[in-house]
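# Observations on the model geometry
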Amino acid sequence: MRTSNSDQHLNQEISLRTGDTEFAERVRLNQQKLTAALKPHYDFIVCGSGSSGSVVARRLAENPDVSVLLIEAGGSDDVPSVTQADHWFLNLGSERDWNFRAQPNPRLNGRSIPMNPAST
């Protein structure tokens, strides 16, 4: 199978981030498979596969007469910092950390507290 320039770029970028060329190839093949399965039209598009988005998508998909696309931000979760609970802190400050902060609070001397969501 021949790979395009964008596929090669994706492989190189993932390899640089993870140091794993086999992983990069798995990601490329998975993205290719998922892209090929996309339809040009959906009856419903649900943005966010958190607890509520997943439930909404599931309930909509129970109707065999409609098509549902569930999309989520973020990259692969096939990394130790996501799959191994004792590595959770490695996500702080990484590409999976969206760097959300609370509004400065006068009761905290104007400090702004980090609000680190999971975005995998």
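Whatever comes next refers back to the structure up there.
Residues numbered from 1 in each chain as written. Predicted model: local features only at pLDDT ≥ 70, side-chain atom pairs only at ≥ 80, totals over all residues. Heavy atoms only, no water.

## Things to note about the packing of aromatic side chains
- Tallied over the full model, the rule gives 2 aromatic pairs.
- Taken together, a centroid distance of 6.1 Å and an interplanar angle of 90° make the contact between Trp88 and Phe89 edge-to-face.
- Look at Phe89 and you get partly exposed, because its relative accessible area is 43%.
- With a centroid separation of 5.6 Å and an interplanar angle of 85°, the aromatic rings of Trp98 and Phe100 are classed as edge-to-face.
- With a relative accessible area of 40%, Trp98 lands in the partly exposed category. (Phe/Tyr/Trp six-rings, centres within 6.5 Å; stacked < 30°, edge-to-face > 60°. Buried < 20%, exposed > 50% of the residue type's maximum accessible area, 1.4 Å probe, protein only.)

## Section: the side chain of Ser67
- With respect to the helices and strands, Ser67 occurs in the loop between α3 (51-61) and β2 (68-71).
- The residues contacting Ser67, other than those within four sequence positions of it, are Lys39, His41, Tyr42, Asp43 and Phe44. (Helix = DSSP H or I, 4+ residues; strand = E, 2+ residues; numbered from the N terminus. Contact = heavy atoms within 4.5 Å.)

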